[in-house]
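Structural features, examined
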Amino acid sequence: PTAVLTSVDALTTASQLVLVNPTGGAFAVPLPAAAAFQGQSITFKNTTASVNNVTITADGGDNVDGAATLVMSGDRFFVRLTSDGVNTWYVTAA
């Protein structure tokens, strides 16, 4: 499945691909709980030349590679996060 985001929007499923368009300004994307998605990955891709930040935020007590958030910026960035099934989304490609 693919999700297309242009502003703050919670991911309720572990979409395989999340296309972000930050041309309207910086925004945050809350991740679903890592415990519910063991071994599953989400890839975030900026589909534009915009360098506005997209902040990926961990759910509750979760973390993103040891931090509460992961700030992505730059034109056409991408990052893949993979859940450990407990409380962490690891950066597995960037």
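Check the entry above for the structure.
Residues numbered from 1 in each chain as written. Predicted model: local features only at pLDDT ≥ 70, side-chain atom pairs only at ≥ 80, totals over all residues. Heavy atoms only, no water.

Observations concerning the overall build of the protein chain
Helix and strand counts for the protein chain come out as 0 helices and 9 strands. Secondary structure elements in the protein chain, listed N-terminal to C-terminal, are β-β-β-β-β-β-β-β-β. The buried share of the protein chain, taken over its 94 residues, is 44%. Of all intrachain contacts in the protein chain linking residues separated by at least 6 positions in sequence, the fraction that spans at least 24 positions is 58%. (Helix = DSSP H or I, 4+ residues; strand = E, 2+ residues; numbered from the N terminus. Buried < 20%, exposed > 50% of the residue type's maximum accessible area, 1.4 Å probe, protein only. Contact = heavy atoms within 4.5 Å.)

A closer look at the environment of Thr-92
Tracing the sequence through the fold places Thr-92 in strand 9 (residues 88-93). Considering only alpha carbons, one finds Thr-92 and Val-79, 13 residues apart in sequence, at a separation of 7.7 Å. Ignoring anything within four residues of it in the chain, the contact list for Thr-92 reads Arg-80, Leu-81 and Thr-82. There is a polar contact of 2.9 Å between the side chain of Thr-92 and the side chain of Thr-82. (Polar contact = N/O pair within 3.5 Å; in protein donor to acceptor, adjacent residues only side chain to side chain.)

Things to note about the pairing of strand 9
Bridge count for strand 6 (residues 63-64) against strand 9 is 2 bridges, and the pairing is parallel. For Asn-63, the partnering residue across the bridge sits in strand 9 and is Thr-88. Two elements, strand 8 (residues 78-83) and strand 9, share 4 bridges in a ladder whose sense is antiparallel. Bridged to Thr-82 within strand 9 is Tyr-90. In sequence, strand 8 turns back onto strand 9 through a hairpin of 4 residues, with Gly-85 there showing a positive phi of about 80 degrees. (Pairing = 2+ DSSP bridges.)

What is shown is where atoms sit, not what they do.
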